[in-house]
Amino acid sequence: MPELKPVIGLEIHVQLNTQSKLFCSCPTEAAEPNSACCEVCLGMPGSKPVLNKKAVEMALKVALALNCKVNEEFYFSRKTYFYPDMAKNFQITQYEIPIAVNGEVKLKGGKSIRIKRVHLEEDPAALVHEAGISQSNYCLIDYNRSGIPLIEIVTEPDLESPEEAREFLDSLLNLLRYLEVFVLGKNVLKADTNISIKGFERVEVKNVTGFKAVETALKSEIERQKGLINEGKKPVRETRAFDEVIGRTKSLRTKETEEDYGYIFEPDLPMIEIPKKELEEARKKLPELPEQKIKRLMKEKGLSEYDARVLSSSFELGKLFDEVSKKVDAKLAARFLSRELLAILNYNNKSLQDIENPERKITELLKLLQEQKIMEKAAKETMIKIVLENSEPLQVAGKMGWLAKMSEQELEKICDKVISENSKAVQDFKKGEQKALNFLLGQAARAAKGRAEPRLVKKIIEEKLKK
Ligand code: ZN
Ligand code: MN
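Residues numbered from 1 in each chain as written. Chains lettered and ligands numbered in written order. Predicted model: local features only at pLDDT ≥ 70, side-chain atom pairs only at ≥ 80, totals over all residues. Heavy atoms only, no water.

## Details of the overall build of the protein
The following threshold applies: Helical segments are the DSSP runs of H or I of at least four residues, strand segments are the runs of E of at least two, and each set is numbered from the N terminus. For the radius of gyration, the atoms used are the C-alpha atoms, and the globule rule reads 2.2 Å times the number of residues raised to 0.38. Each residue is assigned to one of three classes by its accessible area relative to the maximum for its type, calculated with a 1.4 Å probe on protein chains only: buried under 20%, partly exposed between the two thresholds, exposed over 50%. We call two residues in contact whenever any of their non-hydrogen atoms come within 4.5 Å of each other. We get accessible surface area from the Shrake-Rupley algorithm with a probe of 1.4 Å; when it comes to residues, only the shown protein chains can shield them. Positive: Lys, Arg. Negative: Asp, Glu. His and the chain ends are not part of the count. Working definition for charges: the position is that of NZ of Lys, CZ of Arg, CG of Asp or CD of Glu.
Along the backbone of the protein there are 15 helices and 16 strands. Here the protein has a C-alpha radius of gyration of 30 Å; the compact-globule value for 467 residues is 23 Å, and the former is much larger. In the protein, which comprises 467 residues, the share counted as buried stands at 48%. Taking as baseline every contact in the protein between residues at least 6 positions apart, the subset at least 24 positions apart corresponds to 68%. When the accessible area of the protein is evaluated, it comes to approximately 25000 Å², of which 51% is carbon and sulfur surface. Charge centroids of the protein, computed over 78 positive and 74 negative side chains, lie 6 Å from each other.

Rendered as structure tokens:
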């Protein structure tokens, strides 16, 4: 039997980080269900949509960053379907002429994944199945989500494994964070996946939320299709849903075609035009993107390609590196962030956002290491405590006795200074006040920032006071 090769295409829906919805001024964030809706996002008769300019600008940035051809003129269409999550019985989306087509994303190994199209559309409402009522015959609807701006990014079927799909999604999401159109933990990403075994019908698995779920859904669906083929059966063309709890897909319906939605031109919105000049302006205003950052870090900071890639593969990590490397040696910072910090975060299932003031703390720690006041191993241990307990680096290292002790010479200098600056305490001590000595010892310890051996300080100060 010939090898069974998976063929995968993705349709990714990304929520754009705008303040207001795509066709009305309702906020995109609200605490109470059904509190952020108006006649437009509820589809009431006579209401008219008004396009959110910010959402178009964000979509344009994405299209340019994906190296797409942007259509100078595009328009919106109505995709008709009946479902409780869509109050007006159609979704305003783009079909015939989307905002952009024909882009690509390069994977680490150099393979190019073609982007077929990028379009703007509104999110439907959320159907809420409350815990405990799943057995009952109703569900709740929250229209706050209705009208939230999404961009849909459709790939060609260029992906050949679940791992490759995961890598593609990772780099896509990183790109969206560089563009600052998507905020991790706040905005949502969902994927519809098209999966087939080469030479057989394709199956669509809809509405998979999150990256890990996409990888798992693809894996289990490929297994299912291979299983059928090995039994001499054929996968049928259908739409399936992914059940995250059991980690398997189940049949929803045999697949309708796009034509079944009866798209028509949206008459309430004008044709949108993006003049060449505006497009060029937008292109110039694009921020530094991962590939450019990799080159800059290699050239300006002298990093290896490996380190530059790792640091640029996460927007947040790259930003942290930029700041830390202003104050400590870039190669030291690169090595520590791309190896130690990432390993600690991954091992403990934590993310950078879990650390308070990461920039200041890591800079402090790396300065100690750079000035050889702390050993490498102790610095790593301190890093773990910064990540897990949000500790202060100086406190941890001091308390654990990890800071290199000062030499007697260095301590003498500090003690001389303390004695000359505290003549009153010195006189009090000479009059027999023991408390004054404790005060001087405390001052010396503070000046030594935890790097002084207390007994040695006492010996030095007592000797100096005898003179
Ligand atoms: Zn509204
Ligand atoms: Mn869509």
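There's plenty left to go through after this.
## Looking at the pattern of salt bridges
For clarity, the threshold we go by: A carboxyl oxygen of Asp or Glu within 4 Å of a side-chain nitrogen of Lys or Arg is what we treat as a salt bridge.
Applying the stated criterion to the full structure yields 47 salt bridges. Measuring nitrogen to oxygen at the nearest pair gives 3.4 Å for the salt bridge that ties Lys206 to Glu204. No difference in accessibility class separates Lys206 from Glu204, as the two residues are buried. With a shortest N-O distance of 3.8 Å, Lys385 and Glu389 are connected by a salt bridge. Placement of the pair is Lys385 and Glu389 together in helix H10 (residues 376-389), with a separation of 4 residues, close to one helical turn. Salt bridges sharing common partners tie together Glu163, Arg166, Asp170, Glu215 and Lys219.

## Examining a nonpolar patch on the surface
Going by this rule: Exposure above 30% relative accessible area and the lack of any salt bridge qualify a residue for a patch; like charges then connect within 9 Å, and the nonpolar side chains Val, Leu, Ile, Met, Phe, Trp and Tyr within 5 Å.
A contiguous nonpolar surface patch, about 240 Å² in accessible area, is contributed by Val128, Tyr138 and Leu140. Tracing the sequence through the fold places Tyr138 in the loop between strand S8 (126-128) and strand S9 (140-142). The partly exposed category is assigned to Tyr138, whose relative accessible area is 45%.

## Looking at the sheet that holds strand S14 (residues 248-254)
Here is the rule: In this scheme, strands are said to pair when DSSP sees at least two bridges between them.
On the basis of which strands lie adjacent, the open sheet formed by 9 strands has the order S2-S6-S7-S10-S1-S11-S12-S13-S14 and mixed pairing. Because the sheet does not close on itself, it has two edges, and the strands there are strand S2 (69-70) and S14. With 7 bridges connecting them, strand S7 (residues 112-122) and strand S10 (residues 149-155) associate as antiparallel partners. The partner of Leu120 across the bridge, within S10, is Ile151.

## What to know about the pairing of strand S13 (residues 238-243)
We count it as follows: When the strands point away from the viewer, a crossover counts as right-handed if the route from the first strand across the helix to the second turns clockwise.
Among the 6 residues in S13, 5 count as buried, and that is most of the element. Where strand S12 (residues 203-209) meets S13, 4 bridges bridge the pair, whose relative direction is parallel. Bridge pairing in S13 links Lys206 to Ala241. In this view, the connection linking S12 to its parallel neighbour S13 by way of helix H3 (residues 211-230) has left-handed handedness. Here S13 folds back onto S14, and the loop between the two strands holds 4 residues, one of which, Gly247, carries a positive phi near 70°.

## A look at the coordination of the zinc ion (ligand 1)
The cut-off we apply is this: In this description, a donor is an N, O or S atom within 2.8 Å of the metal centre, a cutoff extended to 3.2 Å for sodium, potassium and calcium. Water is not part of the atom list, which can make sites seem incomplete. Between 85 and 135 degrees for all angles marks four donors as tetrahedral; over 155 degrees for opposite donors together with 65 to 115 for all other angles marks four donors as square planar and six as octahedral; every other arrangement is irregular.
For the zinc ion (ligand 1), the full set of protein donor atoms is Cys24 (SG), Cys26 (SG), Cys38 (SG) and Cys41 (SG), at a range of 2.3 to 2.4 Å. Note that the zinc ion (ligand 1) binds 4 donor atoms; their angles at the metal cover 102 to 115°, and the shape is tetrahedral. Within one chain, the residues donating to the zinc ion (ligand 1) are spaced in sequence as C-x1-C-x11-C-x2-C. You can see Cys24 sitting in the loop between strand S1 (6-15) and helix H1 (53-65) and its partner Cys41 sitting in the loop between S1 and H1, a full 17 residues away along the chain.

## Digging into H3
For the record, the criterion: Residue count minus one, scaled by 1.5 Å, sets the expected span of a helix.
Taking 1.5 Å per residue as the helical rise, H3 with its 20 residues ought to reach 28 Å, and the 29 Å between its terminal C-alpha atoms agrees with that figure. Three or more residues of H3 are buried, namely Phe211, Ala213, Val214, Glu215, Ala217, Leu218, Ser220, Glu221, Ile222, Gln225, Leu228 and Ile229. Against the buried residues of H3 lie S1, helix H2 (162-178), strand S11 (189-197), S12, S13 and S14. Taken from the residues just after H3, Gly232 is the one with a positive phi, measuring 85°.

## Some words on the side chain of Arg78
Position of Arg78 relative to the elements: it lies in strand S4 (residues 77-80). If near-sequence neighbours (up to four positions away) are discounted, Arg78 is found in contact with Phe90, Gln91, Gly262, Tyr263, Ile264, Glu266, Pro267 and Asp268.

## With respect to the domain arrangement of the protein
Stated formally: Residue ranges assigned to the domains are those given by an automatic or database domain assignment. Throughout, buried area stands for the accessible area (probe radius 1.4 Å) lost by two parts on being put together, summed over both.
As far as domains go, the protein holds domain 1 (6-281), domain 2 (288-399) and domain 3 (408-466). With centres defined by C-alpha atoms, the gap from domain 1 to domain 2 works out at 35 Å. Contacts between the two partners involve 8 residues from domain 1 and, on the opposite side, 10 residues from domain 2. Between domain 1 and domain 2, roughly 840 Å² of surface is buried when both sides are summed, and carbon and sulfur atoms account for 60% of that area. On the domain 1 side of the contact with domain 2, Asn174, Arg177 and Tyr178 bury the most area, a combined 64% of that side's loss.

## Regarding the environment of Thr249
Our working rule: Residues adjacent in sequence count toward polar contacts only when both atoms are side-chain atoms; beyond that, a polar contact is any pair of N or O atoms within 3.5 Å, and within protein one must be able to donate a hydrogen and the other to accept it.
Its location among the elements puts Thr249 in strand S14. Once the C-alpha coordinates of Thr249 and Phe265 are considered, the two residues, 16 residues apart in sequence, prove to be 34 Å apart. Residues within four places of Thr249 in sequence aside, it is in contact with Val205, Ala217, Ser220, Glu221, Arg224, Arg240, Ala241 and Phe242. In this structure the side chain of Thr249 is engaged in a polar contact, spanning 2.6 Å, whose partner is the side chain of Glu221.

## Overview of the packing of helix H6 (residues 305-312) against helix H8 (residues 330-347)
Put simply, the rule reads: To get an axis, fit a line to the C-alpha atoms, keeping to the stretch in contact for a helix; angles then go from 0 to 180 degrees between the N-to-C directions. Between 65 and 115 degrees an angle is taken as roughly perpendicular, under 35 as roughly parallel, over 145 as roughly antiparallel, and anywhere else as oblique. Handedness of a crossing follows from how the near helix is turned relative to the far one, being left-handed for an anticlockwise turn of less than a right angle and right-handed for a clockwise one. The residue classification treats Ala, Val, Leu, Ile, Met, Phe, Trp, Tyr, Cys and Pro as nonpolar and Asp, Glu, Lys and Arg as charged. All others, Gly included, are polar.
In contact at an axis separation of 9 Å, H6 and H8 are set at 60° when each is read in the N-to-C sense. Comparing the axis directions of H6 and H8 gives the class oblique. As for the relative orientation of H6 and H8, their crossing is left-handed in sense. Across the interface between the two elements, Tyr306, Asp307, Val310 and Leu311 from H6 touch Ala334, Arg335, Leu337, Ser338, Arg339 and Leu342 from H8. Its residues placed into classes, the contact of H6 with H8 shows 6 nonpolar, 1 polar and 3 charged.

## Examining the sheet that holds strand S5 (residues 90-93)
The strand order across the open sheet formed by 3 strands is S5-S4-S15, and the pairing between neighbours is antiparallel. Looking at the sheet topology across the chains shown, the edges are occupied by S5 and strand S15 (264-265). The sheet contact formed by S4 and S15 spans 2 bridges and is antiparallel. Bridge assignment links Arg78 to a residue of S15, and that residue is Ile264.

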